[in-house]
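One-letter residues, chain by chain:
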Amino acid sequence: MSFPWAKEYKPQNPVMQWLDSRLPLPRFVFNAVGAGYPVPRNLNYFWNFGVLSGAALGIQIITGIILAMHFAANGAIAFDSVEHIMRDVNSGWLLRYAHANGASMFFIVVYLHIFRGLFYGSYKAPREMVWLLGLVIFLLMMATAFMGYVLPWGQMSFWGAKVITGLFGAIPLVGEPIQTWLLGGFAPDNAALNRFFSLHYLLPFVIAGVIILHIWALHIPGSSNPTGVEVKSEQDTVPFHPYYTAKDGFGLGVFLIVFAILLFFAPNYLGHPDNYIPANPMSTPAHIVPEWYFWPFYAILRAFTVDFLFIPAKLLGVIAMFASILLLFFLPWLDNSPVRSGHYRPLFRQFFWVLCVDVLILGYCGGAPAAEPFVMISQVAAAYYFAHFLIILPIISKIEKPAPLPASITEAVLAKQA
Amino acid sequence: MVRLIAAIVGLFFSGWLLVSAVLGGTAYISEPPAATAESLFHKHPKEVEFSFEGPLGKYDRAQLQRGFQVYKEVCSACHGLAQVAFRDLQQIGYSEGAVKKIAADWPNQIASIDPATGEAATRKALPTDKIAGPYPNDVAARAANNNALPPDLSLIAKARHEGPAYLYSLLSGYEAQPAELLKQFPEAKTPNGLHYNPYFATLNLAMPQPLTSDGQVTYADGNPKPTVDQMSKDVAAFLTWAAEPKLENRHRTGLGVLIFLLMATGLAFMSYKSIWADKKH
C-alpha cells in the first residue's frame, strides 16, 4: 500500500521498459526508497538512524567477507591469523579495525534508532510489526556481535564465550547438557570457534533478510514522524528521493566522520586490552567484561545476588537479562496511550529521560567490577528498568492528560515556522 | 490481561532487586570492604610523553633502534617477539644487510630438520623468521623461571591499559617494599622469588628488575645517556612499535580520509539545503 498521490514509476528508456515488464526490480526500488515513497516532510535528524544502521550493516558485511578470506577459524592459529591480518595483509589493519569499530558504530546508531522509536511512540499501532521485526534484528545483532568477538580467540573472547554459554548452564536439569551441546565440548575450544565462525558469517545475511521485512512492514502505514499525527494529505509528505536521500547523504557523512575518528585515531579505545593476550583456559582474567554494547544487560544479569526461595540468583539473573529484551516485544500493548509522540505527553516525557539516564547508569555498572557499590547501584537501576516498562508506562498511559495535537503535519510545520 | 501479567512480573523483578539492594547495601555500610595492600599501594602509570601519541604522532626511528638494542641485550634473554619477523626491523631504519646480520647473530636458533639425517636440529635465523624467545616451549620456560612464564612481548603494549606508559613505569618503577606497607599489612610481604613493583597489579611480580643500572646497555655516540629511565622509555617505544607497526600509516590515512569526508559532507549538506530550500519543515 502507499498513498494515492505516490509517484508512479514510468521508465522512458526502452531497455528499462523491457525490464520493467519482465522483472520490475527498478520499480520496486523506486517505490521503496525512491521518488515513489511519500514520507512526512517534518522528520528530524533522529530519522536518519535507520538508513545509518543499514549502512553500518553493509560496512560490516563487506569488511567481514574480506577478513574471512584471511582468518583461520582454528583454536591453534586463530589469534596468530588475526595478527597476520594486522601486519602482513595489505590494508589488513584497516579492515580489521573497521570491522571491530564498525560493530560499535552499528550498535551506537541502532541504540539511537531504538530510543527514537521509544520517544516518538513508533512502536504503536499501526506499526507494531515494524517494532517487533526491529527487535528481532536487534537480537540477531547481539548474537552476531557476541560470536564475532569470540573469533580473535583472545582472553576476553575465550572467557566471554565461557560466561555467555554458561548462562544456559543455569537452566535447571538440562542446563549443563545444553551448554555442552552449544559449545561442542565442556569448554570453548575448536568446535565452538568453528561453529561461531560459521554462524557469524550466516547471521548478517539473516539480518539483511529481516531488514527487508522491517522496511516492507514500514511501507504499509508509511513512516511515522515527530508529531505522531498520521499523514492526511499530499502536502504533508515529500517524495523520499530526492528529499530524504539528500538528508540521509548528509547524515551518512557525519556518521562516517565519527567512524573515521574512532577507526584511525582511537581504534582500541572501545576494546579490552586483555583480548590482545591469546586465549588461555588456565588463566582467568581479573574482570571478565563483554563489549560496551552489552554492558546494560550484563549489569542486569549480575544484579541478582540473592536466591529467591528455590530459584538460584544466577538463574534469576539469566531470566531477567532475557526478560529485559523480551519485554520490549510487549511494549505496543503495555503503553496504550492514543498519543504517539513524546512531545505531546508531558508525564511520559519525564519518565523517558529517567529511563535514558537509567540505562546509561546500568551500562556504567555493567562495565565496572562486580563489587559494591556498583552492584547496589545496578540493582536499583535494574529495578527501575523493569518498573518503567512493566508498571510505570501502563499507568502513565491511563492517567496522563496529553497536550493538544496539531490538526496535521503541515499545520505543525507552519506553526513552528511562524 | 497483558498489563496485569506485566505488572506482576515487574513487581517481582523490581521488588526482588530492591530487596537485594537493601541487603547488599546494609552489608556494605555496616562492613565496608577492608582496604588491601593493592588498593592502597598500587600506582597508576607515570606521566610520560612519546612521539607517537596524538592523532598525527610518528615513531622516533632512533628511539626505536635504541629500544630494540635494549630488547636484544636485556629482554630477549627471556622474552620472545613471535609476531615480529627480523625483516620487519627494516621498518625502523635497519638496512637489509644489517637485518641479515641481526638474524644470523641471534642467539636463539630456529628449530629445523637436519637435511641429511632427518633428525631434529637447529639453524641460524633468517630475516623471514619470527624473533624467537630462548625457550623451545612453555614447560622449558617455566622450568627456567621458577615456574613463571615470561610472556611473548609482541602485543604487550596493547595488552595492558595505557600500555606504553605502563611498560615505562614498570621497568623504571622497581623499589624496596615500603615500610608503611609492611607495617599495615605484614602478611603482604613480598614472597621469596617475587619482586615488589607498585605499578604491577598485584604489587609483586616474578620478573626481577631487568634494567638495574645506568649504562647497562651502551648506546652509540650521540645518543642520550642510557639511564634506567631512558632505557625504559626507549624499550617501551620499541614494544609499542612491535604491537602496532602500522600506526604511522594509520594516522596518515586517517588524515586524508577525514579531509575527504569533511569536504564530501560539506557538499552533502549544501545539496540537502538546496533541495529542501522550497519546503518548510
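Preceding this paragraph is the structure being described.
Definitions and limits used
Residues numbered from 1 in each chain as written. Chains lettered and ligands numbered in written order. Predicted model: local features only at pLDDT ≥ 70, side-chain atom pairs only at ≥ 80, totals over all residues. Heavy atoms only, no water. Core = buried A, V, L, I, M, F, W, Y, C linked by side-chain atoms within 4.5 Å. Buried < 20%, exposed > 50% of the residue type's maximum accessible area, 1.4 Å probe, protein only. Helix = DSSP H or I, 4+ residues; strand = E, 2+ residues; numbered from the N terminus. Contact = heavy atoms within 4.5 Å. 1 Å grid on protein atoms, 1.4 Å probe; cavity = no way out; pocket = protein on both sides within 12 Å on 5 of 7 lines; lining within 4 Å. Points joined across faces, edges and corners; volume = space filled by probe spheres on them. Nonpolar A, V, L, I, M, F, W, Y, C, P; charged D, E, K, R; others polar. Phe/Tyr/Trp six-rings, centres within 6.5 Å; stacked < 30°, edge-to-face > 60°. Lys NZ or Arg CZ within 6 Å of the ring centre and 35° of its normal.

Trainee: Can you walk me through the nonpolar core in this structure?
Mentor: One recurring pattern in soluble globular proteins: nonpolar side chains tend to sit buried together. Counting residues in each nonpolar core, the largest one holds 181 residues, and the members touching the most others are Tyr385 and Phe386 of chain A together with Tyr71 and Leu89 of chain B. The leading source of residues in this core is helix α6 (residues 128–150) of chain A, at 15 residues. For Leu89 of chain B, the contacting residues outside a window of four places in its chain are Phe68, Tyr94, Val99, Ile102, Phe238 and Trp241 of chain B. Counting seven residues, the second-largest nonpolar core is a separate cluster that includes Phe185, Ala188, Tyr196 and Leu203 of chain B.

Trainee: Is there a simple way to think about empty space enclosed by the protein in this case?
Mentor: If a probe the size of a water molecule is rolled over the atoms, the empty space left behind becomes visible. All names here are of chain A. Inspection of the entire model under this criterion finds five cavities of 30 Å³ or more. Looking at the largest cavity, its volume works out to about 150 Å³. If you list the elements that add at least two residues to the lining of the largest cavity, you get α6 and α7 (155–169). For the lining of the largest cavity, the leading source of residues is α7, giving six residues. Of the residues contributing to the lining of the largest cavity, the split by class is 12 nonpolar, two polar and one charged. Of the pockets and cavities examined, the second largest cavity occupies roughly 60 Å³. What lines the second largest cavity is simply Ala299, Arg302, Ala303, Cys365, Gly366, Ala368, Pro369, Ala370, Phe374, Val375 and Ser378. For the lining of the second largest cavity, the elements supplying multiple residues, two or more each, are α11 (295–303), α14 (346–367) and α15 (374–399). Across the lining of the second largest cavity, the residue classes break down as eight nonpolar, two polar and one charged.

Trainee: What's the story with the packing of aromatic side chains in this structure? I'm lost.
Mentor: In this description, a pair of aromatic rings is defined by centroid distance and the angle of the planes. With the rule as written, the count across this model stands at 55 aromatic pairs over all chains. Both rings, one in Tyr293 of chain A and one in Phe294 of chain A, keep their centres 5.0 Å apart while their planes meet at 75 degrees; by these two values the pair is edge-to-face. The exposure classification of Tyr293 of chain A matches that of Phe294 of chain A, with both residues buried. Through successive ring pairs, a cluster of aromatic residues spans Tyr37, Tyr45, Phe240, Tyr243, Tyr244 and Phe250 of chain A together with Phe269, Tyr272 and Trp276 of chain B. One cation-aromatic arrangement involves Lys46 of chain B over Tyr168 of chain B; the distance from NZ or CZ to the ring centre is 5.2 Å. Across from the ring centre of Tyr219 of chain B, 5.8 Å away, lies the NZ or CZ of Arg66 of chain B, which sits over that ring.

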